[in-house]
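Here is how the chains run, residue by residue.
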Amino acid sequence: MSLMEEIIAAVDDMPPFPQVVQRAMQALADPEYEVVGLVDILKVDQAITASILKLCNSAYFGLPRKVSSLREAVVYLGANQLRQLLLSGAASKIFEKPNAGYTVFADELWRHALATAVMAQVLRQSRRLNINENTLFTAALLHDVGKVVLSNFVADKYRDIEKMVEGGESSFQEAEKKVLGFDHADIGGKIAEKWEFPQSIITAIAFHHEPARAAKEFRVLTELVALSNNLAVMVGYGTGVDGLACRGHGLLLKKLKITDQGMEELVMLFQLEMAKTCEVAGVDED
Ligand SMILES: [Fe+2]
Ligand SMILES: [Fe+2]
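Now for a description of the structure that goes with this document. Bear in mind the structure is a predicted one, so any value in this text is a computation, not a measurement. Each residue is numbered by its place in its chain's sequence as written, counting from 1. Lettering for chains starts from A, numbering for ligands starts from 1, and both go in the order in which the items are written. Local features in this predicted model are restricted to residues whose pLDDT is 70 or higher, and side-chain atom pairs enter the listing and the counts only when it is 80 or higher, whereas totals over whole chains, interfaces and linings include all residues. The side-chain numbers reported here are obtained from all heavy atoms of the structure, hydrogens and water having been left aside.

1. A few points about the packing of aromatic side chains
And step 1. Two rings from Phe, Tyr or Trp (for Trp, the six-membered ring) form a pair when their centres sit within 6.5 Å of each other. Planes less than 30 degrees apart are called stacked, planes more than 60 degrees apart edge-to-face, and all others tilted. On inspection of all chains with the given rule, the structure shows 7 aromatic pairs.
And step 2. With 5.1 Å between their ring centres and 75° between their planes, Phe17 and Phe197 make a pair best called edge-to-face. Within this pair, whereas Phe17 is found in the loop between helix H1 (3–13) and helix H2 (19–28), its partner Phe197 is found in the loop between helix H11 (184–194) and helix H12 (199–206), the two being separated by 180 residues in sequence. Accessibility assignment for this pair places Phe17 and Phe197 in one class, buried.
And step 3. Joined through ring pairs, the aromatic side chains of Phe17, Trp195 and Phe197 make up one cluster.
And step 4. Here, a charge over a ring is recorded when the distance from Lys NZ or Arg CZ to the ring centre is within 6 Å and its angle to the ring normal is within 35 degrees. The aromatic ring of Phe172 is capped on one face by Lys147, whose charged end is 4.4 Å from the ring centroid. Elements are defined by DSSP. Helices are runs of H or I of four residues or more, strands are runs of E of two residues or more, and each kind is numbered from the N terminus. Remark: exposure states derive from per-residue accessible area (1.4 Å probe, protein chains only) relative to the maximum for the residue type, with buried under 20%, exposed over 50%, and partly exposed in between.

The structure is reproduced here in structure tokens:
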């Protein structure tokens, strides 16, 4: 089996993305979603129901009385926090796949994923971009999911890649292409296809390092994921060597008309939102 075939087999072995979460995302995509409909979708999954109630009753929210009905908890949390809870719950299981040699890496990668998703949300909000929030959060959260497969299957080659990046001659993605013939974005696209995600998300994941190659209709989304990825690294949520070799976001910043001062505001907003999202996702911030 060639390395690519091996990787494709590994992609096939990836756990499915939970149907309940995908259905809930579809319901939440409608700004006028019906709480009853959403509760009907969620209640079939006991673990999800429990996690929603747990978050609602956590010290973070400090509610004066215990909430025990799913309906009440759904209303209380609202679309934004539900989205974060459901998506991060589903994605964390995929990112935290036991991976003996890379436990630090897995943690770093997961925080990087969350930071990228939060950055994307903050950018969308502050620039008032007309992009579906579910699509954006999902694509940003999962943009590096290909690295999960790669780090599990090509551990020895992974070190060659790291060395090449540390030598300063290539970005992480260029080094992957040189060593493997493909990169984590290609693999991520394949995983998103396997999960039957919409084309917008598949594209944004597959081209998050080369947004100019994305089909025009998905270009803005892909650029936003690419920029959020770079900014997340810039504010300290990178993954080791990856962080040293992120390039080319100046142009995207210009496109969004983000000035230096705008950047400062953005970083502040990001830090606030990141703290909140880490509470919701049950993650230590650093
Ligand atoms: Fe990446
Ligand atoms: Fe990334």
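2. A look at the coordination of the iron ion (ligand 2)
And step 1. Looking at the metal site, the iron ion (ligand 2) is ligated by His112 (NE2), His143 (NE2), Asp144 (OD) and Asn229 (OD1), spaced 2.1 to 2.3 Å from it.
And step 2. Note on donors: an N, O or S atom is included if it sits within 2.8 Å of the metal, or within 3.2 Å for Na, K and Ca, and water is never included, so sites can look incomplete. For the iron ion (ligand 2), the donor residues sit on a single chain with the sequence spacing H-x30-H-D-x84-N.
And step 3. Taken as an interatomic distance, the gap from the iron ion (ligand 2) to the iron ion (ligand 1) is 3.6 Å; Asp144 donates to each of them. One end of the pair, His112, is in helix H6 (residues 103–126); the other, His143, is in the loop between helix H7 (133–141) and helix H8 (145–153), with 31 residues separating them in the sequence.

3. A closer look at the coordination of the iron ion (ligand 1)
And step 1. In the first shell of the iron ion (ligand 1), the protein supplies Asp144 (OD), His184 (NE2), His208 (NE2) and His209 (NE2), at 2.1 to 2.2 Å from the metal.
And step 2. Considered as a linear motif, the donors of the iron ion (ligand 1) on their single chain read D-x39-H-x23-H-H.

4. So, H12
And step 1. The buried count for H12 comes to 7 of 8 residues, which makes it a mostly enclosed element.
And step 2. If you check which residues of H12 are buried, you get Ser200, Ile201, Ile202, Thr203, Ala204, Ile205 and Ala206.
And step 3. The elements touched by buried residues of H12 are H7, H11 and helix H13 (219–234). Should any heavy atoms of two residues lie within 4.5 Å, those residues are counted as being in contact.

5. Observations concerning the nonpolar core
And step 1. By convention a nonpolar core is built from buried Ala, Val, Leu, Ile, Met, Phe, Trp, Tyr and Cys residues, the set being connected through side-chain atoms within 4.5 Å. Judged by nonpolar contacts, the single largest core of 94 residues is most densely connected at Phe17, Leu42, Ile52, Phe95, Leu141 and Trp195.
And step 2. Ignoring anything within four residues of it in the chain, the contact list for Leu42 reads Val20, Ala24, Ile48, Thr49, Ile52, Leu70, Val74 and Leu86.

6. A few points about H8
For the α-helix, the turn length of 3.6 residues means that residues three or four positions removed from each other point alike.
And step 1. With 7 of 9 residues buried, H8 is to be regarded as a mostly interior element.
And step 2. Along H8, the residues that are buried comprise Val145, Gly146, Lys147, Val148, Val149, Leu150 and Ser151.

7. Topic: the environment of Leu86
And step 1. Along the chain, Leu86 turns up in helix H5 (residues 70–95).
And step 2. Assessed through its relative accessible area of 4%, Leu86 is described here as buried.
And step 3. Remark: the alpha-carbon pair of Leu86 and Asp284, spanning 198 residues in sequence, is separated by 18 Å.
And step 4. Discounting residues that sit within four places of it in the chain, Leu86 has contacts with Val21, Ala24, Met25, Leu42, Ile48 and Ile52.

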